[in-house]
Amino acid sequence: MADLTYENKVILEMREHFRDKIIETRVQRERRVVMRTSKDNIESVLLFLKEKMGFLHLSHIGCVDWMEENRFEIVYILWHPQEKINVLVKVDIDRLNPVAPNIDYIWPQANTYEREMREMFGIEFEGLVGPRELILEDWDDLPPMRRDFDTLHYVMENYSFRSGREDAQNVREVIANRTGEEIPEFAKKYSR
Amino acid sequence: MRNEKTTTIYLGPQHPGITGNMMVKLEIQGDTVVKAETHIGYLHRGFEKLMERRNWLQSFTIVCRICVPEPDPNEENYARGVEEIEGREVPEKARWIRMLVLELARIQAYLLWYGGQSGSAGLYTIGQWSVGDRNYVLDLFEELTGGRVYHMYIWPGGVRRDLPKGFKSRVAKVMDYIEKRLDDYDRVMFDNAVFQKRTQGIGYIPPEKAIEWGVVGPPLRAAGIASDVRKDDPYEFYDQVDFVVPDMYNTSDVWARALVRRFEIRQSINIVRQILDKMPDKGPVWNKIPNPHKWRIPRGEAYVKTESARGEFGYYVVSDGSEHPRRIHVRGPAYVHGITLLEKILVGQNIADVSVIMNSLGTCPPEMER
Amino acid sequence: MNYVLNDRESAKIVEFIKNFARKNSLWVLAYGTGCGAIEIPPTMTSRYDAERFSVRGAATPRQADVLLITGYLSVKTLKRVIRSYEQMQDPKYVIGFGSCTINGGMYWDSYNTIKQLDLYIPVDVYINGCMPRPEAVLAGFAKLQELIGRGQANGWRHYKENLEWYRQNQRKLIKNWKMPDYNW
């Protein structure tokens with residue numbers, strides 16, 4: 001059985017210090033601790049984790065578009081170099097008014113992640129500097145990583161294919177027709 | 001006489017010294033860089049978007065294309081992420097084979113690095129040797145997986161097929177050959193005064209800042225910090241093989257990073273030998289998955305990471321319970337090395353050393369922009 | 001013997017000599033535009049050794065004869081590739097490398113990669129595969145040499161004659177067109 005002492009200690013200390021500002025804490029598995037906080041507290045949570053708990057290394061900032069629930073979920077993944085633990089701090093932000101605090105004064109490399117998110121999801125970070133274009137050039141459509149941006153539609157409008165692809169069928173549909181099965185709504189939308 | 005005038009130079013995207021299709025905009029004063037700015041996006045394919053449109057098995061065929069010089073850590077990460085969310089068991093032999101593939105991939109990536117690093121310092125012989133010898137490792141891959149570069153071999157539930165007959169002995173033979181050749185490389189590269197002069201004291205990363213700045217992999221170990229995902233967060237059976245994470249080369253310059261890699265390629269050969277010893281002869285290599293068109297992964301998320309030749313490769317895999325990945329976010333080592341770190345440490349360096357430094361950090365554009 | 005060549009015959013001989021010289025000295029622009037660039041070092045180094053087929057690298061577009069498009073092109077790269085191509089001196093040849101240059105390949109539904117390379121720059125030889133092996137690359141070069149020897153690799157001439165058509169296709173993708181106009 002894995003030893004989860006330090007994982008539990010992290011949760012205890014965070015709960016003690018932040019009380020109800022930290023929710024949904026759990027030990028996902030060995031070396032992975034997950035917690036959720038709100039947009040207003042994220043800076044203080046990250047600073048506390050870095051300065052007091054020793055999570056010095058920022059591994060990753062990820063973003064998930066939960067379009068149905070009308071929110072973006074930003075995940076900050078930190079690493080403790082001595083105790084060898086990853087902590088995942090999740091924040092929800094409103095999808096219609098996507099503004100998040102800028103944390104590149106805590107970790108300089110956060111700047112790149114935030115610029116990418118600004119470009120790919122259209123999330124604004126308060127006080128973020130740097131050119132607006134990181135990856136794309138002269139992009140004038142929806143931010144491409146949003147769920148409602150339809151890449152196939154964009155491709156069909158802007159590019160053309162050689163002949164020879166006409167007989168390419170939707171495999172999912174072929175199978176469903178053969179067995180007389182109903183395709184779920186989400187599968188219909190994303191599988192072509 | 002001091003010349004205060006600065007000149008802007010665009011290094012890349014079309015430049016023989018650049019490590020791929022990217023661009024570094026340099027402001028120089030005389031020969032000294034005063035400001036550097038990385039521009040990326042020339043290789044953006046939108047993998048993370050494409051994976052939302054493909055099902056869990058179709059996505060596996062495109063993850064390996066995220067990082068071209070070393071595709072296998074991507075497959076490993078993806079497979080382990082899916083298995084972790086689904087709770088799928090992997091047969092014992094498959095896990096040993098995965099380790100074998102990962103270590104062979106590391107060896108070939110280091111052999112390519114030998115060519116790049118020495119080529120950027122003006123020594124072209126080692127490139128001819130090591131890239132030529134790398135073909136022997138690629139031949140092994142070809143026999144095992146059918147592809148030289150993209151293998152599409154490690155997939156959720158195990159690996160795609162068992163080892164061919166007599167494969168182990170051929171791996172051992174190639175390892176013996178490469179180990180012997182490494183001494184030749186040492187003689188022309190590490191004993192070479194030109195290479196020593198070009199690399200010592202160049203591209204210094206302050207060790208006390210290294211962790212905070214997000215440095216991983218060989219550059220971090222060259223700063224004297226023994227950090228390796230294989231030891232810190234062991235995956236597969238890396239806790240059952242013996243290897244040393246180097247922290248004795250701690251000058252934190254290009255020279256130390258070269259020494260770390262020189263040490264690690266030998267460690268990898270050693271690990272491959274241990275794997276060949278410990279791998280069971282018989283057993284299944286794949287835990288069968290259901291019909292991929294109806295294969296749903298329960299809602300959940302996982303952050304998995306693998307040590308690649310350039311550092312920690314992380315995947316943040318999110319499933320919403322459907323047949324398609326909700327989001328797969330890739331964190332390549334070069335994402336930090338090639339942008340914020342490179343912009344910081346290039347300041348004050350000679351313009352001729354820019355490509356030496358980029359090679360030593362392992363900047364690899366395809367994984368920065370995916 | 002006092003035989004004098006007429007104009008047509010001498011032009012033919014000169015053309016033959018020119019093509020012979022061109023096909024036996026191919027300088028490839030060192031521009032790794034996509035993932036195919038990973039198979040170029042093995043092709044150039046000891047095992048496959050493209051130099052024995054008189055193929056070698058050139059550092060700048062103005063010294064190069066062949067533009068090797070190694071794989072998919074994103075729209076951002078396409079702009080740079082067009083510029084590199086237009087800087088190259090005549091005669092110049094383009095090799096499309098990998099399935100993704102032919103019809104999108106693996107990235108057929110990606111919003112950021114072009115699908116057919118020959119809509120934007122003229123392609124003389126395509127090499128298919130993902131990724132093509134070094135042998136395939138060498139075979140592609142051999143094919144190009146054969147075409148040059150027969151005087152059939154005329155993509156560069158085609159580009160000049162149909163510049164308007166190419167420009168129209170290029171401008172459709174590249175929205176912010178800030179390119180120098182070369183006066184050939």
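*Asks:* Describe the overall build of chain A, and please don't skip the residues or the numbers.
*Replies:* Of regular secondary structure, chain A possesses six helices and seven strands. The order of helices and strands in chain A, counted from the N terminus, is α-β-β-α-β-β-β-β-α-β-α-α-α. Scored against the burial criterion, the 192 residues of chain A give a buried share of 34%. Within chain A, counting contacts between residues at least 6 apart in sequence, those at least 24 apart form 47% of the total.

*Asks:* Just give me the short version of the overall build of chain C, but keep the residues and values in it.
*Replies:* Check the secondary structure of chain C and you find seven helices and five strands. In chain C, the succession of α and β elements from N to C terminus is α-β-α-β-β-α-β-α-β-α-α-α. A compact globule built from 184 residues would reach a C-alpha radius of gyration of about 16 Å, and chain C, at 18 Å, matches this within 12%. Taking the principal axes of the C-alpha coordinates as reference, chain C spans close to 70 × 45 × 25 Å. In chain C, buried positions account for 45% of the 184 residues.

*Asks:* Can you break down the sheet that holds strand 1 (residues 22-29) of chain A residue by residue, with the values?
*Replies:* Residue and element names in this part refer to chain A. One open sheet holds the five strands; their spatial order is 1-2-5-4-3, and the pairing between them is mixed. Whereas interior strands pair on both sides, the edge strands pair on one side only; in this sheet they are strand 1 and strand 3 (57-66). Adjacent strand axes in the sheet meet at a mean angle of 20°, parallel and antiparallel pairs treated alike. Bridge count for strand 4 (residues 71-80) against strand 5 (residues 85-94) is ten bridges, and the pairing is antiparallel. Counterpart to L78 in the pairing with strand 5 is V87. Relative to strand 1, helix 1 (residues 5-18) is tilted by about 175°, and along the sheet it contacts strand 1, strand 2 (32-37) and strand 5. Relative to the sheet, helix 2 (residues 42-51) contacts strand 2, strand 4 and strand 5, its axis offset from that of strand 5 by approximately 170°.

*Asks:* Quick rundown of unusual backbone geometry? Include the residues and the values.
*Replies:* Omega for the peptide link from D90 of chain C to P91 of chain C comes to -10°, which places this bond in the cis form. Of note, P91 of chain C is situated in the loop between helix 3 (75-87) and strand 4 (93-97). Of note, the amide linkage connecting C130 of chain C to M131 of chain C takes the cis form, showing an omega dihedral of -5°. Note on placement: M131 of chain C falls in the loop between strand 5 (125-127) and helix 5 (134-149). Positive phi values are uncommon outside glycine, yet N70 of chain A reaches one of about 60°. Note on placement: N70 of chain A falls in the loop between strand 3 and strand 4.

*Asks:* Residue-level account of the interface of chain B and chain A, with values.
*Replies:* By a widely used convention, the size of an interface equals the accessible area lost when the partners come together. Taken residue by residue, the interface counts 33 residues in chain B and 35 residues in chain A. Where the side of chain B that touches chain A is concerned, the elements lending two or more residues are helix 1 (47-53), strand 7 (311-319), strand 8 (325-331) and helix 12 (333-345) of chain B. Broken down by class, the residue content of the side of chain B that touches chain A amounts to nine nonpolar, twelve polar and twelve charged.

*Asks:* Let's hear about the sheet that holds strand 1 (residues 7-11) of chain B: which residues, and what values?
*Replies:* The strands that make up a sheet are held in pairs by hydrogen bonds between backbone atoms, and each pair lies either parallel or antiparallel. All names here are of chain B. One open sheet holds the three strands; their spatial order is 1-2-3, and the pairing between them is antiparallel. Of all strands in the sheet, those with a lone pairing partner are strand 1 and strand 3 (32-39), marking the two edges. In this sheet, neighbouring strand axes are inclined to one another by 20° on average, regardless of whether the strands run parallel or antiparallel. Relative to strand 3, strand 2 (residues 23-29) runs antiparallel, the two sharing seven bridges. In the sheet register, E27 faces strand 3, and the bridge partner there is K35.

*Asks:* Go over the packing of helix 2 (residues 56-63) of chain B against helix 3 (residues 72-86) of chain B, please, and point to the residues and values.
*Replies:* Any two packed helices are characterised by the angle at which their axes cross and by the distance between the axes. Residues and elements named next belong to chain B. Running from amino to carboxyl end, helix 2 crosses helix 3 at an angle of 160°, the nearest separation of the two axes being 9 Å. Considering their axes alone, helix 2 and helix 3 lie roughly antiparallel with respect to each other. Crossing hand, helix 2 versus helix 3: right-handed. Judged by residue contacts, W56, F60 and V63 of helix 2 engage N74, E75, Y78 and V82 from helix 3.

*Asks:* Could you give me a rundown of the interface of chain A and chain C, with the residues and numbers involved?
*Replies:* Counting residues at the interface gives 13 residues for chain A, matched by 13 residues for chain C. Each residue belonging to the side of chain A that touches chain C can be placed in one class, and the counts come to six nonpolar, three polar and four charged.

*Asks:* Let's hear about the environment of M175 of chain B: which residues, and what values?
*Replies:* Residue and element names in this part refer to chain B. Of note, M175 is situated in helix 6 (residues 167-190). Under the C-beta neighbour-count criterion, M175 is labelled buried, with 22 such atoms within 10 Å. When the C-alpha atoms of M175 and I269 are compared, they prove to be 6.2 Å apart, with 94 residues separating the residues in sequence. Setting aside anything within four residues of it in sequence, one finds M175 in contact with I269, V272 and R273.

*Asks:* Outline the packing of helix 4 (residues 92-120) of chain B against helix 11 (residues 254-278) of chain B, listing residues and values.
*Replies:* Residue and element names in this part refer to chain B. Between helix 4 and helix 11, the least distance of the axes is 9 Å, while the angle of their chain directions is 155°. By the angle class used here, helix 4 and helix 11 are roughly antiparallel. Relative to helix 11, the crossing made by helix 4 is left-handed. Taking contact as the criterion, the partners of W96, M99, L100, E103, L104, R106, I107, Y110, W113 and Q117 in helix 4 are, on helix 11, A258, R261, E264, I265, S268, I269, I271, V272, I275 and K278. Looking at the contact of helix 4 with helix 11 residue by residue, the classes come out as 13 nonpolar, two polar and five charged.

*Asks:* So what about helix 5 (residues 125-145) of chain B? Which residues, and what values?
*Replies:* Taking 1.5 Å of rise per residue, 21 residues should cover 30 Å, and helix 5 of chain B covers 30 Å from first to last C-alpha, within 8% of that figure. For helix 5 of chain B, every residue scored as buried is listed here: I126, G127, W129, S130, V131, D133, R134, V137, L138, L140, F141 and L144 of chain B. Contacts from the buried residues of helix 5 of chain B go to helix 4 and helix 6 of chain B together with helix 2 (40-44) of chain C. Residue G146 of chain B follows helix 5 of chain B closely and has a positive phi angle near 95°.

*Asks:* Explain the pairing of strand 3 of chain A to me, using residue names and the numbers behind them.
*Replies:* A large share of strand 3 of chain A lies buried, amounting to nine of its ten residues. Count of turn residues in the strand 3 of chain A/strand 4 of chain A antiparallel hairpin: four residues, of which N70 of chain A carries a positive phi of about 60°.

*Asks:* An account of the environment of K25 of chain B is needed here, citing residue identities and associated values.
*Replies:* Locating K25 of chain B in the fold gives a position in strand 2. In contact with K25 of chain B, other than residues within four places in its own chain, are T8, Y10, E37 and H39 of chain B.

*Asks:* Could you give an account of the environment of E301 of chain B, naming the residues involved and the relevant values?
*Replies:* All names here are of chain B. Position of E301 among the secondary structure elements: in strand 6 (residues 300-308). E301 gets classed as buried once you count the C-beta atoms within 10 Å, which come to 23. When the C-alpha atoms of E301 and Y316 are compared, they prove to be 7.2 Å apart, with 15 residues separating the residues in sequence. When near neighbours in sequence (up to four residues on either side) are disregarded, E301 contacts Y316, V317 and V318.

*Asks:* Account for the confidence of the model for chain A, naming residues and giving values.
*Replies:* For chain A, the mean per-residue pLDDT works out to 81, and 89% of the residues sit at or above 70. Mean pLDDT across the elements of chain A ranges from a minimum in helix 6 (residues 185-190) of chain A, with 58, to a maximum in strand 4 of chain A, with 89.

*Asks:* Go over the confidence of the model for chain C, please, and point to the residues and values.
*Replies:* Per-residue confidence for chain C gives a mean pLDDT of 84, with 98% of residues at or over 70. Across the predicted assembly, pTM comes out at 0.87 and ipTM at 0.86.

Conventions and cut-offs
Residues numbered from 1 in each chain as written. Chains lettered and ligands numbered in written order. Predicted model: local features only at pLDDT ≥ 70, side-chain atom pairs only at ≥ 80, totals over all residues. Helix = DSSP H or I, 4+ residues; strand = E, 2+ residues; numbered from the N terminus. Buried ≥ 20, exposed ≤ 12 C-beta atoms within 10 Å, placed from the backbone. Contact = placed C-beta atoms within 7 Å. Rg over C-alpha atoms; globule rule 2.2 N^0.38 Å. Pairing = 2+ DSSP bridges. Axes fitted to C-alpha atoms, helices over the stretch in contact; angles between N-to-C directions. Nonpolar A, V, L, I, M, F, W, Y, C, P; charged D, E, K, R; others polar. Parallel < 35°, antiparallel > 145°, perpendicular 65-115°, else oblique. Left-handed = near helix turned anticlockwise from the far one by under 90°. Expected span 1.5 Å × (residues − 1). pLDDT = per-residue confidence, 0-100.

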